[in-house]
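Structure at a glance
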Number of protein chains: 2
Amino acid sequence: MGKANFTSDDHIYLQVADGIEKMIAGEILRIGDKLPSVRVLSEEYGISMGTAFQAYYHLEGKGLIEARPKSGYYVRFNHRRFPAVPQMLQPEPVTTDVTVQEMVMRILKSTASDNVTNFALASPAIELLPTAKLNKSVVHALRNGKDHCIGYENTEGNPELRKQIARLAFNWGGKVSPEEVIVTTGCMEAIALSLRAVTKPGDTVAVESPAYFGIYQVIENLGLKVVEISSDPATGPDLPCLEQAIRDLRVKAVILVPNFNNPAGSCMPDEHKKKLVEIITQHNIPLIEDDIYGELYFGRHRPKTCKYYDTKGLVIHCSSLSKSLAPGYRIGWVLPGQYLEQVSSLKQMHTISSPTLTQVAVAHFLSIGRYEYHLKNLRKALHTQSLRYIQGIMQYFPEDTRISRPQGGFVLWVELNPKVDTYELCTEALKHQISIAPGRIFSNSCNYSNYMRIGYGSPWNDKVEKGLKTLGNLVKKMMNQ
Amino acid sequence: MGKANFTSDDHIYLQVADGIEKMIAGEILRIGDKLPSVRVLSEEYGISMGTAFQAYYHLEGKGLIEARPKSGYYVRFNHRRFPAVPQMLQPEPVTTDVTVQEMVMRILKSTASDNVTNFALASPAIELLPTAKLNKSVVHALRNGKDHCIGYENTEGNPELRKQIARLAFNWGGKVSPEEVIVTTGCMEAIALSLRAVTKPGDTVAVESPAYFGIYQVIENLGLKVVEISSDPATGPDLPCLEQAIRDLRVKAVILVPNFNNPAGSCMPDEHKKKLVEIITQHNIPLIEDDIYGELYFGRHRPKTCKYYDTKGLVIHCSSLSKSLAPGYRIGWVLPGQYLEQVSSLKQMHTISSPTLTQVAVAHFLSIGRYEYHLKNLRKALHTQSLRYIQGIMQYFPEDTRISRPQGGFVLWVELNPKVDTYELCTEALKHQISIAPGRIFSNSCNYSNYMRIGYGSPWNDKVEKGLKTLGNLVKKMMNQ
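By convention here, each chain's residues receive numbers from 1 onward along its written sequence. For this description, chains carry letters from A and ligands carry numbers from 1, given in the order in which they are written. Two thresholds apply to this predicted model, a pLDDT of at least 70 for residue-level local features and 80 or more for giving and counting side-chain atom pairs, whereas whole-chain, interface and lining totals are computed over all residues.

1. As for the overall build of chain A
The condition that has to hold: The way it works is that DSSP assigns letters per residue, a run of H or I at least four long becomes a helix, a run of E at least two long becomes a strand, and they are numbered from the N terminus. To get the radius of gyration, use the C-alpha atoms; to get the globule rule, take the number of residues to the power 0.38 and multiply by 2.2 Å. Exposure classification rests on a simple neighbour count of other C-beta atoms within 10 Å of a residue's own: a residue reaching 20 or more is buried, one at 12 or fewer is exposed, and one in between is partly exposed. C-beta atoms are placed from the backbone.
In terms of regular secondary structure, chain A is built from 15 helices and 16 strands. For 481 residues, the compact-globule formula gives about 23 Å, and the C-alpha radius of gyration of chain A, at 24 Å, lands near that figure. Based on the C-alpha atoms only, the size of chain A along its principal axes is roughly 70 × 60 × 45 Å. Looking at the 481 residues of chain A, the share that counts as buried comes to 52%.

And the structure:
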């Protein structure tokens, strides 16, 4: 639909647009704010709906606002004043005085208190989750589940839940049968079982850098070696670099978060995913795809998965509901492709089966369509929160701060002045009851000592704003030391 | 209290006792049947309570009946006609055409159907479990748990549940603080985490023979070597043999089920436990103690644990509620002693935390005393069932059949004529919709090919009796081939 279609007076829509632009510039309307609907705008200004639409269309063209599907118009970034994104680092050996495991355990312990302003976690605030409706599904399961859910569940998972998980694959265009699904106790069990199924101690595994610390921990614990692949903050792993590593270092498996990587927030373009699957297929090695954030996209469409391009069953797709529905229910899954039998055996050996009650409850919740409905709200909330947090960091942090621009998920990857050590910052911040995740825990070989991960899972409020302000002041203080 | 205390007429009590003895001999009263109370007996026979008591006392002295605490009198074994117990085998290398893993997966799959008469599992029938009361605790947790139990639980487990588990240690005389408890997803996760905490691939672990197949599977999967210690059907592992293995084969850890071993049913006398702890302390190696059946004793007292005798934190005590309360809730735990930090790290790496809801629900169930109450009933039921099943096997199987005499737990260990291969029997039985656990899956190096495990977790009924009769006929047929 082009401008030529509109018959309203050019002058009027430009005046209206100009007024809105001034409100944005003056931060009366702030990044992430919802604009009035076209109807309300036409009534407020006494203009036709067509003119109101044209005003928004003009602002959208200037990159000041954006339309979100089935939701309306929102104030978006003004890219001209938006900070730079973090830089890509080349992995190289580093030594640190504190082990990653020590840092992780310390941070996890710190986040247990309710008083802490918690930027360290990559998970949703409880108030964003459909607690009451999920409770109803639990009661339904108690009443209607076989033996009231007190008996053992199948090792591979509850049959109805496996069906519902298979159905979720429709969202990324996949055709999955329930028999291909194995339910796990969260995504980490899915990844750990997958790694065990395809490697033996001493093998080398390729991982993008930066990556979620839990992945390094489990790899190390399984006696595997890591080769880190540098990763672009927007498009994810450097594929030529990966291919070279596979060829030169006898990589036995690759493990990646293609959609909304934690912590970088990168999302591999679909053509990269296709190319990646071609590479691993050519070398006949498995790819463990952690798609835990895939459903939490801010754009119009769910990004595809690598599994979508897989024809040989080499892609092992892992995910969970811990980030999108119920962290404490520990419902994850794996689509192990050609490694189905190995993963199933390992699951049976190590935990027999996952708990019955939570599986039956979640299967019910999914089957009546409540999950899809909830996701729509959650995506909107997270998108708005991401913009608010970016704005907050821009406001309170030094000018040379670089911030990622995630198109989904929970986290911002923030690069500070090289003088700032974020592990020190983390220690200082805890004295102010604020927790962050320092960059060093996201790599074995890159330093990332002036990077940090900021989770925006909690809705914006005064406490959050005050937390970012305090953090910003601490950073400024450290820069001047 | 001796006979001399009774003033009633000798002749009368002997007549009454004689009548009861005839009913037992004629199988009008069968093994495991509850006898009338002393009061009812006195009313029925028109005798004094003292005479009635004396009649029971007389029969008890003859080994025909037994008193159970707070429950009354029951018909017990007549040892004069009771079959021999299974023989102890010396571990030696064997080769088989089917792998244990294949057998296990096949049997597990077969037991999923409701039509199958299931002697293959070592777990309680659902009807023996307090489903309705546990449901109430779930609803209580949904209403009163923090954030309605939707959020992550601590890696080490729900604080109230850890407190309740620590309290359970009172039952075996232990003093455990909640901080020493780590909640796991069932006992298998507890064992797997413990093994990983104290060994590295290539290490040797000592295991009693026969032992639960899951233990061999997880040991093999972790790249560990097994040395099997021969075990007495009544008193458990041969300690001099174990000590020699520790010395000669550089054993890095020992793993045992001291109380009501699965499948043999043996229970280590407390002095053996004490001696065992002395041995491992002297060699400074950890003992992983699987006490999953410890609460399901038929006698007057709960047997002690090895942990009770441990002063150095070398005993890693593992257990769960899967066999006694709710298999599908997957609530297990480990008291890791000096390995607390390692086990906690591993738990965090591999599953982050166990599900919140089931932990909070079970903590409530335990805190209001319902678990102890339920256990009392469950013990009585299992004791009676064990006797009924023994009687059934005696009735329908060939005379040379040997049967264990468990004093707790769920299983009978049955030795058949050497001509009978129980894996073949298992295959034949499945054609009749009956499942058993063949002996070969309980060892890597002993053959046990003419042994089988029969679970008596299901209450005695016509279907069970018919199942044992069919099994007995199949055995007779195989002996005559």
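That shown, we press on.
2. Digging into unusual backbone geometry
Asn262 of chain A connects to Pro263 of chain A through a cis peptide bond whose omega is 20 degrees. Tracing the chain through its elements places Pro263 of chain A in the loop between β8 (251-256) and α10 (270-283). In this structure, Pro210 of chain B follows Ser209 of chain B across a cis peptide bond, with omega equal to 0 degrees. You can see Pro210 of chain B is positioned in the loop between β5 (204-209) and α8 (213-221).

3. What to know about helix α11 (residues 340-351) of chain B
To keep it simple, the criterion reads: Every helix has an expected span of 1.5 Å times one less than the residues it contains. Residue pairs are scored as contacts if the distance between their C-beta atoms, which are placed from the backbone, is within 7 Å.
Taking 1.5 Å per residue as the helical rise, α11 of chain B with its twelve residues ought to reach 16 Å, and the 16 Å between its terminal C-alpha atoms agrees with that figure. Val343, Ser344, Leu346, Lys347, Gln348, Met349, His350 and Thr351 of chain B are the residues of α11 of chain B that are buried. On its buried face, α11 of chain B sits against β4 (182-185), α7 (186-198) and α8 (213-221) of chain A together with β4 (182-185), α7 (186-198) and β11 (331-335) of chain B. Just past α11 of chain B, the residue Ile352 of chain B takes up positive phi, approximately 65 degrees.

4. Some remarks on the interface of chain B and chain A
This is how it is decided: Amino acids outside the nonpolar list (Ala, Val, Leu, Ile, Met, Phe, Trp, Tyr, Cys, Pro) and the charged list (Asp, Glu, Lys, Arg) are all regarded as polar, and Gly is one of them.
Across the contact, 45 residues belong to chain B and 45 residues belong to chain A. Elements supplying a minimum of two residues to the side of chain B that touches chain A: α5 (131-144), α7, α8, α11 and α12 (356-367) of chain B. For the side of chain B that touches chain A, the element with the most residues is α5 of chain B, which contributes six residues. Tallied by class, residues from the side of chain B that touches chain A come to 22 nonpolar, 19 polar and four charged.

5. Focus on the environment of Cys241 of chain A
Residues and elements named next belong to chain A. Within the secondary structure layout, Cys241 lies in helix α9 (residues 239-249). Under the C-beta neighbour-count criterion, Cys241 is labelled partly exposed, with 18 such atoms within 10 Å. Setting aside residues no more than four positions away along its own chain, Cys241 makes contact with Ile229 and Ser230.

6. Structural notes on the confidence of the model for chain A
Residue and element names in this part refer to chain A. Let me state the cut-off plainly: The pLDDT score gives, residue by residue, the confidence of the prediction method on a 0 to 100 scale.
Considering every residue of chain A, the mean pLDDT works out to 89; 94% of them sit at 70 or more. Below a pLDDT of 50 lies the segment residues 1-8, which in the model reaches eight contacts outside its immediate sequence neighbourhood of four places, other chains included. What the predictor reports for the complex is a pTM of 0.84 with an ipTM of 0.82.

7. Digging into the relation of the copies chain B and chain A
Rules: The superposition of copies rests on a least-squares fit of C-alpha positions from residues with pLDDT of 70 or more in both.
Between chain B and chain A, which share one sequence, the superposing operator has a rotation angle of 180 degrees and an axial displacement of 0.0 Å; the RMSD is 0.1 Å. A rotation of that kind, with that shift, is consistent with a two-fold axis. Nearest to the rotation axis, the C-alpha of Val139 of chain B is located 3.7 Å from it, this being the minimum over chain B. The share of interface residues of chain B whose copies in chain A are also at the interface is 100%, consistent with both copies meeting through the same surface.

8. Describing α5 of chain B
Heads up, the condition is: This arc is taken over the directions from the axis of the helix to the C-beta atoms.
For α5 of chain B, spanning 14 residues, the distance from its first C-alpha to its last is 20 Å, which sits close to the expected 20 Å at 1.5 Å a residue. Restricting attention to buried positions, one finds in α5 of chain B the residues Leu134, Ser137, Val138, Ala141 and Leu142 of chain B. The buried residues of α5 of chain B occupy an angular sector of 145 degrees when the element is viewed end-on, so they sit on one face. Opposite its buried face, α5 of chain B presents the exposed residues Ala132, Arg143 and Asn144 of chain B, each directed more than 90 degrees away. Tucked inside the fold, the buried residues of α5 of chain B contact α5 (131-144) and α12 (356-367) of chain A together with α12 of chain B.

9. Digging into the domain arrangement of chain A
Note the following rule: Boundaries of every domain are those given by an automatic assignment or by a domain database.
Domain assignment breaks chain A into domain 1 (3-80), domain 2 (84-127 + 373-479) and domain 3 (131-371). Between the C-alpha centres of domain 1 of chain A and domain 3 of chain A there is a distance of 41 Å.

10. A look at the packing of helix α2 (residues 38-45) of chain A against helix α3 (residues 49-61) of chain A
All names here are of chain A. Rules: Angular values range over 0 to 180 degrees, each being the angle between N-to-C directions of two axes fitted as lines to C-alpha atoms, with helices fitted over their stretch in contact. Roughly parallel means an angle under 35 degrees; roughly antiparallel, over 145; roughly perpendicular, 65 to 115; everything else is oblique. Crossing handedness: left-handed means the near helix sits turned counterclockwise from the far one by under a right angle, and right-handed means the same turn made clockwise.
Contact geometry for α2 and α3: axes closest at 8 Å, N-to-C directions at 110 degrees. The pairing of α2 with α3 is recorded here as roughly perpendicular in orientation. Remark: the crossing between α2 and α3 carries right-handed chirality. In this structure, α2 contributes Val38, Arg39, Leu41, Ser42 and Tyr45 to the contact, and α3 contributes Met49, Thr51, Ala52, Phe53 and Tyr56. Partitioning the contact of α2 with α3 into residue classes produces seven nonpolar, two polar and one charged.

11. Topic: the sheet that holds strand β13 (residues 411-415) of chain A
Backbone-to-backbone hydrogen bonds pair the strands of a sheet. The strands run either parallel or antiparallel. Residue and element names in this part refer to chain A. Let me state the cut-off plainly: Between any two strands, at least two bridges found by DSSP are needed for them to pair.
Taken in spatial order, the four strands line up as β12-β13-β16-β15 in an open sheet, and their pairing is antiparallel. Of all strands in the sheet, those with a lone pairing partner are β12 (402-403) and β15 (437-438), marking the two edges. With five bridges joining them, β13 and strand β16 (residues 451-455) adopt antiparallel strand pairing. Within the sheet, the bridge partner assigned to Val411 lies in β16 and is Gly455. Contacting β12, β13 and β16, helix α13 (residues 370-396) runs over the sheet at an angle of about 20 degrees to β13.

12. A word on the sheet that holds strand β7 (residues 236-237) of chain A
Residue and element names in this part refer to chain A. Here we have eight strands laid out as an open sheet, ordered β4-β11-β10-β9-β8-β5-β6-β7, and mixed in their pairing. In this open sheet, the two edge strands, each paired with only one partner strand, are β4 and β7. Relative to strand β11 (residues 331-335), β4 is paired through four bridges, and the arrangement is antiparallel. Opposite Thr184, over in β11, you have Gly332 as the bridge partner.

13. Observations concerning the pairing of β16 of chain A
Residues and elements named next belong to chain A. Of all the five residues making up β16, five are buried; the element is thus mostly covered by neighbouring parts of the structure. Across the two faces of β16 the burial is the same, with Tyr451, Arg453 and Gly455 and Met452 and Ile454 all buried. Summarising the sheet, β15 and β16 pair through two bridges and their orientation is antiparallel. Directly across from Ala437, in β16, lies its bridge partner Arg453.

14. What to know about the environment of Thr131 of chain A
Residues and elements named next belong to chain A. In this structure, Thr131 sits in helix α5. Of the residues examined, Thr131 has 17 C-beta atoms within 10 Å and is grouped as partly exposed. For the pair Thr131 and Leu325, spaced 194 residues apart in sequence, the C-alpha to C-alpha distance is 8.8 Å.

15. Examining the environment of Leu121 of chain A
Within the secondary structure, Leu121 of chain A is located in the loop between β3 (117-118) and α5. For the pair Leu121 of chain A and Ile390 of chain A, spaced 269 residues apart in sequence, the C-alpha separation works out to 17 Å.

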